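Okay, here's what each chain looks like letter by letter:
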Amino acid sequence: MKVYSQLRCLAKSTQFQNLFAASKEIFGIKLFRNSFDFSNIQMIFLNYLYMYDSIMRDIATENISKEVLSDEIYEDAYMLYKKENRNKTVKDNKNTIRNFHLVPAQKMIFPKKSK
Amino acid sequence: MENNDRLQEATKIIAEMNKDSDLNRVEEMIKENKITFSYEEKQYRVRVLNIREKEELDGLRRKKFGQLMQDKDILLEKDLIKVYKERGIDIDKIDAEIKKLETHNDSLYLKCGEAISKNESETILKSYRDQIYEIDMIKIPIFNAQKTLLLEFSLENQLLNYVAMIITYLSLDILEDGIWKRLFSTFEEFQNYNNEELINKAGSYSMLLQYKI
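First, a word on what this report is: a plain description of the structure on this page. Note that the structure is predicted; figures quoted are calculated from it, not measured.

**Structural notes on the overall build of chain A**
In terms of helices and strands, chain A carries four helices and zero strands. In chain A, the succession of helices and strands from N to C terminus is α-α-α-α. Contacts in chain A between residues far apart in sequence, at least 24 positions, make up 51% of those at least 6 positions apart. A total of about 8300 Å² of accessible surface is found on chain A, and carbon and sulfur atoms cover 57% of it.

This is the structure we're talking about:
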């Protein structure tokens, strides 16, 4: 078993997902013994914790089936698709906002003063 | 028949236990930010470098860079690529092939992700997965291995290998009488050390821990 697969296995475990959720809510609960100076492997692990947190939420809200967790390729594919979709939505929203004028004066045509 | 079943069951249990033990080791590694391992009945560990060691690393790296730049026999990656091109080996072509495969793979990942979010059938997902796996695990690594071999002696690669060596030298500790101490006190001592197996093991562990350098 490769190290990255092992990291993923730990990050998606109930134990670490609970600990991760608790560490965000309760001050003093720590994932690592060190609270700064994080190593490369710890940073990668943190990324995996966020990734599985997001997938688990989508499974809980029944957006997707839990089959996604049966293969690392499915997990990565789903996250990539989700990210792309979110970027697209943000871009679309920006365009909508750009076409929406809060200041009516920008579109107002004032009658010319008669001489 | 019964014996066979029991043997299979035992193999399964051992595999499961090994998996658990590997996971415990990785869990320990993440929590402690150190990797402890045994080699020939002695305990060793690699750890993250402290500020003083990082400064030493930086100094040695700069010194080596200066030496490599002065050596006319060692070419920069871009110059080595030119030399290869003159001899009919096109590394840019390999890069283009890798890029093409990665773009194709990204689109497969997106399609697979869309299929997952639409709860499509396992057959469809499996077909995407197999295609992705082939590109990720077979096709791209072949091109990458070709490129790595060709550029092995470039200045950049020599510097990277040297940095990996220094990190191993600085981060490897040994447990003696219950106290952790550095295995090597000087770089010369490290260079003259003849146990390559231990160095390789420590090297691969220390690379896992370090920041991107």
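From this point, the narrative continues.
**Observations regarding the sheet that holds strand β4 (residues 179–182) of chain B**
All names here are of chain B. Here four strands make up an open sheet; going across it, the order is β1-β2-β3-β4 and the pairing antiparallel. Each edge of the sheet is formed by a strand with only one pairing partner; in this case those strands are β1 (34–39) and β4. Ignoring strand direction, the axes of neighbouring strands in this sheet form an average angle of 35°. In this structure, strand β2 (residues 42–47) lies alongside strand β3 (residues 172–176), joined through three bridges in antiparallel fashion. Looking at the pairing, Y44 lines up with I174 of β3. In the packing of helix α6 (residues 155–171) onto the sheet, the strands contacted are β2, β3 and β4, and the crossing angle to β3 comes to about 25°.

**Quick notes on the pattern of salt bridges**
Enumeration according to the criterion identifies 25 salt bridges over all chains in this entry. Here R8(A) and E75(A) are joined by a salt bridge, their closest N and O atoms 3.0 Å apart. Here R8(A) is found in helix α1 (residues 3–11), whereas its partner E75(A) is found in helix α4 (residues 72–99), with 67 residues between them in sequence. The residues R8(A) and E75(A) share a single accessibility class, namely buried. Salt-bridge contacts for R61(B) lead to D58(B); the nearest nitrogen and oxygen are separated by 3.1 Å. Of this pair, R61(B) and D58(B) both sit in helix α2 (residues 51–70), separated by three residues, roughly a single helical turn. Owing to a relative accessible area of 28%, D58(B) belongs among the partly exposed residues under this scheme. Three or more residues joined by partner-sharing salt bridges are found here, namely R45(B), R47(B), E53(B), D173(B) and R182(B).

**Quick word on the environment of K78(B)**
Looking at the secondary structure, you find K78(B) in helix α3 (residues 77–86). Sequence separation between K78(B) and N119(B) is 41 residues; the distance between their C-alpha atoms is 47 Å.

What counts and how
Residues numbered from 1 in each chain as written. Chains lettered and ligands numbered in written order. Predicted model: local features only at pLDDT ≥ 70, side-chain atom pairs only at ≥ 80, totals over all residues. Heavy atoms only, no water. Helix = DSSP H or I, 4+ residues; strand = E, 2+ residues; numbered from the N terminus. Contact = heavy atoms within 4.5 Å. Areas by Shrake-Rupley, 256 points an atom, 1.4 Å probe, with all protein chains shown as cover. Pairing = 2+ DSSP bridges. Axes fitted to C-alpha atoms, helices over the stretch in contact; angles between N-to-C directions. Salt bridge = Lys/Arg side-chain N within 4 Å of Asp/Glu carboxyl O. Buried < 20%, exposed > 50% of the residue type's maximum accessible area, 1.4 Å probe, protein only.

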